[in-house]
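# Chains, contacts and geometry: an overview
Take a look at the letters that make up each chain.
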Amino acid sequence: MARTIFFHIMILEIVQYGHPVLREKCKRVEGVDDELKTLADDMLETMEEAHGVGLAAPQVGLNIRFAVVDVSHDPECISYLRVNGEDAALEDVMPLVFFNPKLELLGEKEAVEEGCLSIHEVRGNVTRPTEVKGIFCLLDGSEIELETDGLLARAIQHEVDHLNGILFVDRLSAAAKLSVRGKLKRLLR
């Protein structure tokens, strides 16, 4: 008799600005299990539902070094992608589900507008390096070295910041911080 397997994907609650977990340096993921794989599916679904390009575990209330990124909706958002030193296509790595990342920031710095699923209605120009090179642990137990630029590099930096308790508003210029201060105070209420 054939068995039917039901996949249960859940939309998770995205914690908002002011929640203490957003300011914690996250703990290392010590191993991959079914729970982590389910979390990955749920986080991808949650990110998609919220129209985001990345989501980190602290944004769903979990203090672990785990994140998802998917920029596949915009294949022109990068000019290059290398995985383990070889040229790769965006669809080869999207969605990128990773844990315990080690990042090296490269390239010129550029200011680009960012927002965050945990800080509704606040956007601002954040200056970040244009390229990243990093080692990422994947759910299949492998590790990859990934090098890229553009939106993918920016999204990775944004999500890794979350794993270190840093929010994009922390990286705004002094003038930009002043301009969003009122909105942030309202969000805390």
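Residues numbered from 1 in each chain as written. Predicted model: local features only at pLDDT ≥ 70, side-chain atom pairs only at ≥ 80, totals over all residues. Heavy atoms only, no water.

## Comments concerning the nonpolar core
Residues Leu 90, Leu 96, Phe 98, Leu 146, Leu 152 and Ile 156 are the most contacted members of the largest nonpolar core, which totals 25 residues. Looking at this core, the elements with two or more residues in it are strand 2 (66-69), strand 3 (81-83), helix 2 (90-93), strand 5 (96-116), strand 6 (119-137), strand 7 (143-149) and helix 3 (150-163). Among the elements that line this core, the one with the most residues is helix 3, at 6 residues. Those residues within four positions of Leu 90 in sequence are excluded, and the remaining contacts are Val 71, Ser 72, Asp 74, Pro 75, Cys 77, Ile 78, Leu 81 and Leu 152. Of all hydrophobic cores here, the second largest spans 19 residues; its members include Leu 36, Leu 55, Val 97 and Leu 117. (Core = buried A, V, L, I, M, F, W, Y, C linked by side-chain atoms within 4.5 Å. Buried < 20%, exposed > 50% of the residue type's maximum accessible area, 1.4 Å probe, protein only. Helix = DSSP H or I, 4+ residues; strand = E, 2+ residues; numbered from the N terminus. Contact = heavy atoms within 4.5 Å.)

## Topic: the pattern of salt bridges
Scanning the model with the defined rule gives 7 salt bridges in all. Between Arg 154 and Glu 114 there is a salt bridge whose closest N-O contact spans 2.6 Å. Of the two residues, Arg 154 sits in helix 3 while Glu 114 sits in strand 5, which places them 40 residues apart along the sequence. The class for Arg 154 is buried, based on a relative accessible area of 9%. The exposure class assigned to Glu 114 is buried, which follows from its relative accessible area of 5%. Residues Arg 171 and Asp 161 are paired through a salt bridge, measuring 2.6 Å at the closest nitrogen-oxygen approach. (Salt bridge = Lys/Arg side-chain N within 4 Å of Asp/Glu carboxyl O.)

## A few points about the environment of Arg 181
Its location among the elements puts Arg 181 in helix 4 (residues 174-188). For the pair Arg 181 and Ala 155, spaced 26 residues apart in sequence, the C-alpha to C-alpha distance is 23 Å.

## Brief notes about a positive patch on the surface
On the surface, Arg 181, Lys 183, Lys 185, Arg 186 and Arg 189 cluster together into a positively charged patch. Within the secondary structure, Lys 185 is located in helix 4. Look at Lys 185 and you get partly exposed, because its relative accessible area is 49%. (Patch = residues over 30% accessible without salt bridge, like charges linked within 9 Å, V, L, I, M, F, W, Y side chains within 5 Å. Areas by Shrake-Rupley, 256 points an atom, 1.4 Å probe, with all protein chains shown as cover. Lys, Arg positive; Asp, Glu negative; His and termini not counted. Charge placed at Lys NZ, Arg CZ, Asp CG, Glu CD.)

## A word on the side chain of Glu 147
As for its position among the elements, Glu 147 is in strand 7. Here Glu 147 falls in the buried class, since its relative accessible area comes to 11%. Among residues more than four places away in sequence, those in contact with Glu 147 are Tyr 80, Leu 81, Arg 82, Val 132 and Lys 133.

## Re the packing of aromatic side chains
Note on aromatic pairs: each is described by the distance of the centres and the angle between the planes. Scanning all chains against the criterion turns up 1 aromatic pair. Ring geometry for Phe 98 and Phe 136: centres 4.9 Å apart, planes at 75°, overall edge-to-face. Residue Phe 98 is located in strand 5, and its partner Phe 136 is located in strand 6; the two are separated by 38 residues in the primary sequence. Here Phe 98 and Phe 136 have matching classes, each one buried. (Phe/Tyr/Trp six-rings, centres within 6.5 Å; stacked < 30°, edge-to-face > 60°.)

## Looking at the layout of surface pockets
Its volume calculated, the largest pocket comes out at about 390 Å³. In terms of lining, the largest pocket is formed by 21 residues, of which the most central are Val 53, Glu 114, Gly 115, Cys 116 and Arg 123. Where the lining of the largest pocket is concerned, the elements lending two or more residues are strand 5, strand 6 and helix 3. The greatest single-element share of the lining of the largest pocket, amounting to 6 residues, is contributed by helix 3. Residues belonging to the lining of the largest pocket are distributed by class as follows: 7 nonpolar, 8 polar and 6 charged. In terms of lining, the second largest pocket is formed by Val 29, Glu 30, Gly 31, Asp 33, Glu 35, Leu 36, Leu 39, Leu 62 and Ile 64. For the lining of the second largest pocket, the per-class residue count stands at 5 nonpolar, 1 polar and 3 charged. (1 Å grid on protein atoms, 1.4 Å probe; cavity = no way out; pocket = protein on both sides within 12 Å on 5 of 7 lines; lining within 4 Å. Points joined across faces, edges and corners; volume = space filled by probe spheres on them. Nonpolar A, V, L, I, M, F, W, Y, C, P; charged D, E, K, R; others polar.)

Keep in mind these numbers describe shape, not what the thing actually does.
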